[in-house]
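Geometric and topological summary
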Amino acid sequence: MALFLFLVLVAVVLGIIGVVAEGLFYLLIIGIVLLVVSVAFFGVRWSRRSARRPLR
């Protein structure tokens, strides 16, 4: 969970820097890609965790 929150924080910071600074639009793109990858990673991890529980 800490890794997910760290990746989201880095993505937000890169996005803000990419929007504010002129000529650094690529940082915004990197931030968006990092956010999508971290959300996908968290979703895969969460679905695996819930699949391991036995049904009662």
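From a predicted model like this one, the values you see are computed outputs, not experimental measurements.

1. Overview of the overall build of the protein chain
The helix and strand inventory of the protein chain stands at two helices and zero strands. For the protein chain, with 56 residues in total, the buried portion stands at 16%. In the structure as shown, the protein chain presents an accessible area of about 4700 Å², 75% of it carried by carbon and sulfur atoms.

2. A short note on a nonpolar patch on the surface
Nonpolar side chains collect at one region of the surface, where Phe25, Ile29, Ile32, Val33, Val36 and Val37 lie side by side and expose about 560 Å² of accessible area between them. On the secondary structure map, Val33 appears in helix H2 (residues 25–51). On the basis of relative accessible area, Val33 is assigned to the partly exposed category, the value being 47%.

3. So, the side chain of Ser38
Turning to its location among the elements, Ser38 is positioned in helix H2. Excluding anything up to four places from it in sequence, Ser38 contacts Phe4, Leu7 and Val8.

4. What about helix H1 (residues 2–20)?
Side chains that are three or four residues apart share a direction in an α-helix, a result of its 3.6 residues per turn. In this model H1 runs 27 Å from its N-terminal to its C-terminal C-alpha over 19 residues, within 8% of the 27 Å that 1.5 Å per residue would give. For H1, the full list of buried residues reads Phe4, Ala11, Leu14, Gly15 and Gly18. An end-on view of H1 places all buried positions within 105° of arc, on one side of the element. Residues of H1 that are exposed and point more than 90 degrees away from the buried face comprise Ala2, Phe6, Leu9 and Val20.

5. Thoughts on the environment of Leu35
Checked against the element boundaries, Leu35 lands in helix H2. According to the relative accessible area criterion, Leu35 is partly exposed, its value standing at 36%. Taking the C-alpha atoms as reference, Leu35 lies 5.5 Å from Ala11; in sequence the two are 24 residues apart. For Leu35, the residues in contact, after removing those within four places along its chain, are Val8 and Ala11.

Basis of the calculations
Residues numbered from 1 in each chain as written. Predicted model: local features only at pLDDT ≥ 70, side-chain atom pairs only at ≥ 80, totals over all residues. Heavy atoms only, no water. Helix = DSSP H or I, 4+ residues; strand = E, 2+ residues; numbered from the N terminus. Buried < 20%, exposed > 50% of the residue type's maximum accessible area, 1.4 Å probe, protein only. Areas by Shrake-Rupley, 256 points an atom, 1.4 Å probe, with all protein chains shown as cover. Patch = residues over 30% accessible without salt bridge, like charges linked within 9 Å, V, L, I, M, F, W, Y side chains within 5 Å. Salt bridge = Lys/Arg side-chain N within 4 Å of Asp/Glu carboxyl O. Contact = heavy atoms within 4.5 Å. Expected span 1.5 Å × (residues − 1). Arc of directions from axis to C-beta.

That's the geometry; what it means functionally is another story.
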